[in-house]
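Observations on the model geometry
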Amino acid sequence: MPNVDMLVIGSGPAGRRAAVQSAKLGKSVLVVDRGRRLGGVSVHTGTIPSKTLRETVLNLSGWRERGFYGRGYRVKQDITASDLMQRLHKTLDHEVEVLQHQFMRNMVQSASGEARFVDQNHVELTEDDGDTVHVTFDKALIATGTRPFRPDHVPFDDTRVFDSDSILEIPALPRSMTVIGGGVIGVEYATIFSALDVPVTLIESRESILNFVDTEIVDDFIHQMRDRGIVIRLGATVDTIEKADTGITVALTDGRKVRSEVLLFAAGRSGSVEALNLPAIGVEPDKRGRIKVDPKTFQTSAPNIYAAGDIIGFPSLASTSMEQGRVAACHAFDMPPPPAPATFPYGIYAVPEISTVGQSEDEVRASGVPYECGIARFRETSRGHIMGVDAGFLKLIFALDDRRLLGAHIVGEGATELIHIGQAVINLGGGVDFFVENTFNYPTLAEAYKVAGLDAWNRMGQPEPGQ
Ligand SMILES: Cc1cc2nc3c(=O)[nH]c(=O)nc-3n(C[C@H](O)[C@H](O)[C@H](O)COP(=O)(O)OP(=O)(O)OC[C@H]3O[C@@H](n4cnc5c(N)ncnc54)[C@H](O)[C@@H]3O)c2cc1C
Ligand SMILES: NC(=O)c1ccc[n+]([C@@H]2O[C@H](COP(=O)([O-])OP(=O)(O)OC[C@H]3O[C@@H](n4cnc5c(N)ncnc54)[C@H](O)[C@@H]3O)[C@@H](O)[C@H]2O)c1
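Residues numbered from 1 in each chain as written. Chains lettered and ligands numbered in written order. Predicted model: local features only at pLDDT ≥ 70, side-chain atom pairs only at ≥ 80, totals over all residues. Heavy atoms only, no water.

A word on helix H6 (residues 184–195). Along an α-helix, residues three or four apart share an orientation, since each turn contains 3.6 residues. Helix length check: H6 (twelve residues) gives 17 Å between terminal C-alpha atoms against 16 Å at 1.5 Å per residue, within 8%. Where burial is concerned, most of H6 is hidden: ten out of the twelve residues are buried. Asp-197 sits one or two residues past H6 and shows a positive phi near 70°. (Helix = DSSP H or I, 4+ residues; strand = E, 2+ residues; numbered from the N terminus. Expected span 1.5 Å × (residues − 1). Buried < 20%, exposed > 50% of the residue type's maximum accessible area, 1.4 Å probe, protein only.)

As a structural note, the neighbourhood of ligand 1 is formed by 36 residues, with Ala-14, Asp-33, Thr-47, Lys-51 and Asp-310 the closest of them. In the model, a nitrogen atom of ligand 1 is placed 3.1 Å from a nitrogen or oxygen of the Arg-34 main chain. In isolation ligand 1 exposes 1,000 Å². Once the protein is present, 93% of that is buried. Residue assignment for the shell around ligand 1 shows that the elements contributing at least two residues are helix H1 (13–24), strand E2 (29–33), helix H2 (40–44), helix H3 (47–61), strand E4 (114–119) and helix H8 (318–332). Here the residues of the shell around ligand 1 sort into 13 nonpolar, 17 polar and six charged. (Near = heavy atom within 4 Å. Polar contact = N/O pair within 3.5 Å; in protein donor to acceptor, adjacent residues only side chain to side chain. Areas by Shrake-Rupley, 256 points an atom, 1.4 Å probe, with all protein chains shown as cover. Nonpolar A, V, L, I, M, F, W, Y, C, P; charged D, E, K, R; others polar.)

Before going further, it helps to spend a moment on the UniProt feature "domain: Pyridine nucleotide-disulphide oxidoreductase dimerisation" (unreviewed entry) in the protein chain. According to UniProt, the "domain: Pyridine nucleotide-disulphide oxidoreductase dimerisation" (unreviewed entry) feature falls on residues 345–450. Structurally, residues 345–450 comprises 34% helix and 27% strand, and the distance from its first C-alpha atom to its last is 20 Å. (UniProt positions renumbered as here; feature names shortened; annotations may be inferred.)

We now examine helix H5 (residues 81–105). Relative to the 36 Å expected for 25 residues at 1.5 Å per residue, H5 spans 37 Å between its end C-alpha atoms, a close match to the ideal helical length. Those residues of H5 that sit buried are Ala-81, Asp-83, Leu-84, Met-85, Leu-88, Leu-92, Val-96, Leu-99 and Phe-103. Buried residues along H5 sit in contact with H1, E2, H2, H3 and strand E3 (109–112). Following H5 by one or two positions, Met-107 has its phi on the positive side, about 55°. (Contact = heavy atoms within 4.5 Å.)

Moving on: empty space enclosed by the protein. Under the counting rule described, the total for this entry stands at one cavity of 30 Å³ or more. Its boundaries defined by the atoms lining it, the largest cavity holds a volume of some 40 Å³. The wall of the largest cavity is formed by Pro-148, Ser-164, Ile-185, Phe-265, Ala-266, Ala-267, Gly-268 and Arg-269. By residue class, the composition of the lining of the largest cavity is five nonpolar, two polar and one charged. (1 Å grid on protein atoms, 1.4 Å probe; cavity = no way out; pocket = protein on both sides within 12 Å on 5 of 7 lines; lining within 4 Å. Points joined across faces, edges and corners; volume = space filled by probe spheres on them.)

Mapped onto the elements of the fold, Ser-355 is located in strand E19 (residues 354–358). Among the polar contacts listed, one links the side chain of Ser-355 to the backbone oxygen of Tyr-346, at a separation of 2.8 Å. With near-sequence residues (within four places) excluded, Ser-355 lies in contact with Tyr-346, Gly-347, Ala-408, His-409, Ile-410, Ala-415, Thr-416 and Ile-419.

Have a look at this one:
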């Protein structure tokens, strides 16, 4: 029976980083995944496919040029589902190849199969052909991620009623679409299909969408979605979902009905734990299949077994999963990792993008810290003019007492890249004077930081001498 220092179950972002980190520390590593190919949800059904789809849609539809040439402008007139798939498959193949090469260079072994714990140092792997292999380990990482939540009352058929996995296989572009769930997945796909001029209705049971994002940013985003024809039903509870030859009808409890050709149900995900036989290691998941860990070390209640990535719940991002996996591997092999920074960015790849780091204005207000905000609209920057950007803004929030940057929030073109300037300033303890004193490249969208910094600085007054 083979024995390894580190067994990683799941080859998504958490598993991948933990495997390479363990190998860099000179350990023998085996990564097992029940998927056909390495990469996890992130590469095959989550982050990378949705972002590739978005990029393809923006390119083929000419979305970025519509500020100049009008809403009727298109680079390719008849965009088909197969146009979207071509680039998707190429990108995914490339991602898998990079990952395989990374494992090879670092002497990380990988195997295809479903892992099931036998005890705290022993798993059974069931291969595709049903054969079983036994492996023993000193340390293990559970990085099995999540899958779409598919409640019984939703008549999924993956041809007209989709989840966020099967939507990637959509056979033809629909004439209309209903999206249930105004979380990140729902909002991303609703706006991507709307950029293809598909009429979209978004149904969300809460009174707003993206409730972790600064309210001013969400309000602007909702305004932009409505402006281009997306129908948004907030505070709407779904009563029934009916399928007929003519389409899908979603009846809401307030009596309204929403009809469309296809439906995307994107209202949460559940942890992939069933196959693992967690009782064998004394670990009990919660009712959504999530595993509790020590937030600093990522150890489960079985100390030699770690868990990281979506399986441990919030924030459930590829970016944070990678870091969790690396920290877990460092801890497993007695290498103390540096303390985690106080804030991490959140990028929402809707059309337009949203990105946020640090505290929202509501959070700052609730904390009682006196503050001032600075705003820069992209259409007022020269780069914005050149690009034909007619919407989007950056909002910076500064503490009045020590002038520190507390939060940076962006809606608009390039938001997910631009946010890292705000992230660096927050995590390095910088403030408004950084933006005022430094010169930014011109013309850039990043110049918006300078403009927003000056906007706040003008209202904040000058620091007392010696402060
Ligand atoms: C549509 C969508 C878009 C997203 N967009 C973004 C984004 O833009 N940015 C971002 O940061 N995050 C994004 N995310 C989230 C991101 O994809 C996840 O946070 C990330 O994939 C979680 O990584 P993970 O390491 O937990 O493993 P996952 O990527 O979830 O992979 C888990 C792997 O474990 C395998 N597995 C499960 N059980 C077993 C078993 N018993 N034995 C063997 N193998 C098993 C599975 O086959 C799978 O391959 C998105 C998610 C979705 C669904
Ligand atoms: N860009 C990114 O970073 C990115 C992109 C996609 C997904 N993700 C991750 O994937 C995870 C899952 O995303 P998600 O959007 O599926 O889940 P979610 O839990 O974030 O959002 C689900 C939304 O659906 C709503 N909802 C639930 N039941 C409903 C119903 N019956 N009718 C109407 N609305 C209903 C909820 O109120 C919530 O707003 C998130 O935690 C996110 O971190 C990240």
